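Remarks on the overall topology
Listed here are the chains, written in short residue letters.
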Amino acid sequence: MATNAKRANSYNVATRGKLVDAAEQLFAERSYESVTLKEIEAVAEANVGQIVYHFGQKEELIKEVILRRAGLISAERLQLLDAYERLVGPDNVALEPLVRAFIDPYLAKLKSEEPGWRNWALFIGRNVWDQSLSEVISQGFNPAASRYITAFRRALPALTQVDGARAFQLLLAGIYGSTTNDSRINSLIGDGNLSRDYDGYQEVLIPFVVGGIQSISDMRERAAAKAAEEEGRNGL
């Protein structure tokens with residue numbers, strides 16, 4: 001009886017979490033494709049049988065690593081967006097608060113005391129454009145992304161649907177480029193800590209993104225005004 005209880009305990013929810021934590025840590029250190037189940041079991045102090053029991057195969061474990069924290073960060077972003085829209089009204093949103101609501105929670109997690117968030121961010125940032133992960137990445141992030149793109153376009157009505165999507169893609173590139181501990185930026189000015197200066201990135205990333213998206217809107221407005229002016233001349 002005691003043996004059965006011990007066995008059941010080894011396959012409980014806590015073990016599942018330890019396996020995800022271990023995979024997350026190893027995926028942050030190097031390519032997720034090269035990490036083996038035996039390495040994951042060693043870090044988690046588990047066994048392959050437990051991995052199979054909880055996930056069936058490595059692909060499902062990778063999916064769980066992505067979705068576990070994607071769900072948390074997406075929920076927080078949506079809560080901030082909902083609160084802001086309730087405060088000012090959906091048609092009165094401004095671009096900068098929207099960008100802050102999207103970026104701030106992500107960087108706050110990386111600055112927290114929990115190393116798991118930094119491991120996850122390294123894994124996501126280095127693999128977010130991986131086509132083999134695109135389906136699960138979309139599952140985890142697209143609902144919040146769609147809401148924010150819609151809000152950006154309400155803030156700047158001159159943005160086309162394509163503009164909104166491209167602007168959002170470049171926003172993501174800024175976030176992930178700022179949070180993958182890229183050693184190259186350290187070498188550019190000889191500062192070994194620069195790539196981990198999340199406060200510094202946060203300070204410049206938000207105005208950089210806001211200015212860029214605003215410039216796209218301004219470009220569209222100028223083009224529309226020019227087209228209207230030419231149409232008026234032709235009408236005469």
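Scroll up to find the structure.
Presented here is a report on the structure given in the accompanying data block. On a predicted model such as this, the values are computed, not experimentally measured, just so you know. (Residues numbered from 1 in each chain as written. Predicted model: local features only at pLDDT ≥ 70, side-chain atom pairs only at ≥ 80, totals over all residues. Heavy atoms only, no water.)

Our next topic: the packing of helix 6 (residues 95-110) against helix 8 (residues 134-155). The geometry of helix 6 relative to helix 8 is characterised by a closest axis approach of 9 Å and an angle of 165° between their N-to-C directions. Compared by their axis directions, helix 6 and helix 8 come out roughly antiparallel. For helix 6 against helix 8, the interelement crossing comes out left-handed. Across from L95, L98, V99, A101 and F102 in helix 6, the residues of helix 8 making contact are Y148, A151, F152 and A155. Here the contact of helix 6 with helix 8 is built from residues that sort into nine nonpolar, no polar and no charged. (Axes fitted to C-alpha atoms, helices over the stretch in contact; angles between N-to-C directions. Helix = DSSP H or I, 4+ residues; strand = E, 2+ residues; numbered from the N terminus. Parallel < 35°, antiparallel > 145°, perpendicular 65-115°, else oblique. Left-handed = near helix turned anticlockwise from the far one by under 90°. Contact = heavy atoms within 4.5 Å. Nonpolar A, V, L, I, M, F, W, Y, C, P; charged D, E, K, R; others polar.)

Taken as a whole and assessed by the stated rule, the structure comprises eleven aromatic pairs. Ring geometry for Y32 against F123: centres 5.9 Å apart, planes inclined by 75°, an arrangement best described as edge-to-face. With Y32 in the loop between helix 2 (13-29) and helix 3 (37-44) and F123 in helix 7 (residues 115-127), the pair connects residues that are 91 residues apart, well separated along the chain. Here Y32 and F123 have matching classes, each one buried. Taken together, a centroid distance of 6.1 Å and an interplanar angle of 75° make the contact between Y106 and Y176 edge-to-face. (Phe/Tyr/Trp six-rings, centres within 6.5 Å; stacked < 30°, edge-to-face > 60°. Buried < 20%, exposed > 50% of the residue type's maximum accessible area, 1.4 Å probe, protein only.)

Another aspect to go through is the side chain of R77. Relative to the assigned elements, R77 resides in helix 5 (residues 58-88). No salt bridge is formed by the buried R77. Its closest oppositely charged neighbour is E76, at 8.2 Å. (Lys, Arg positive; Asp, Glu negative; His and termini not counted. Salt bridge = Lys/Arg side-chain N within 4 Å of Asp/Glu carboxyl O.)

Despite not being glycine, E45 shows a phi value in the positive range, around 55°. Given the relative accessible area of 68%, E45 is considered exposed.

Turning our eyes to something else, we now look at helix 6. Counted at 1.5 Å a residue, the expected span for helix 6 with its 16 residues is 22 Å, and the 24 Å between its end C-alpha atoms agrees. Of all bends in helix 6, the biggest is about 30°, found at I103, and the proline P105 comes one to four residues later. Taken as a whole, helix 6 has its buried residues at L95, L98, V99, A101, F102, I103, P105, Y106, L107 and L110. (Expected span 1.5 Å × (residues − 1). Bend = angle between axes of the 7 residues up to and from the residue.)

This part takes up the layout of surface pockets. Empty space among the atoms becomes visible once a probe the size of a water molecule is rolled across them. If you add up the space inside the largest pocket, you get close to 400 Å³. Looking at the largest pocket, it is lined by 21 residues, and the ones nearest its centre are I137, S138, N142, F168 and L172. Sorting the residues of the lining of the largest pocket by element identifies helix 5, helix 8 and helix 9 (161-178) as the ones contributing at least two each. Among the elements that take part in the lining of the largest pocket, helix 8 stands out by supplying nine residues, more than any other. Looking at the lining of the largest pocket residue by residue, the classes come out as twelve nonpolar, seven polar and two charged. (1 Å grid on protein atoms, 1.4 Å probe; cavity = no way out; pocket = protein on both sides within 12 Å on 5 of 7 lines; lining within 4 Å. Points joined across faces, edges and corners; volume = space filled by probe spheres on them.)

This part takes up the pattern of salt bridges. For the structure on display, the rule yields 14 salt bridges. One salt bridge in this structure joins E76 and K109, with 3.2 Å as the shortest N-O distance. Residue E76 is located in helix 5, and its partner K109 is located in helix 6; the two are separated by 33 residues in the primary sequence. The exposure class of K109 is partly exposed, given its relative accessible area of 22%. Note that R233 is salt-bridged to E229, the shortest N-O span being 2.4 Å. Taken as a pair, R233 and E229 lie in helix 11 (residues 198-235) at a separation of four residues, close to a single helical turn. Judged by relative accessible area, which is 45%, E229 ranks as partly exposed. Within the structure, one salt-bridge network assembled from shared partners comprises D21, E24, R68, R69 and E114.

So far we have only geometry, and geometry alone does not tell us how the molecule works.
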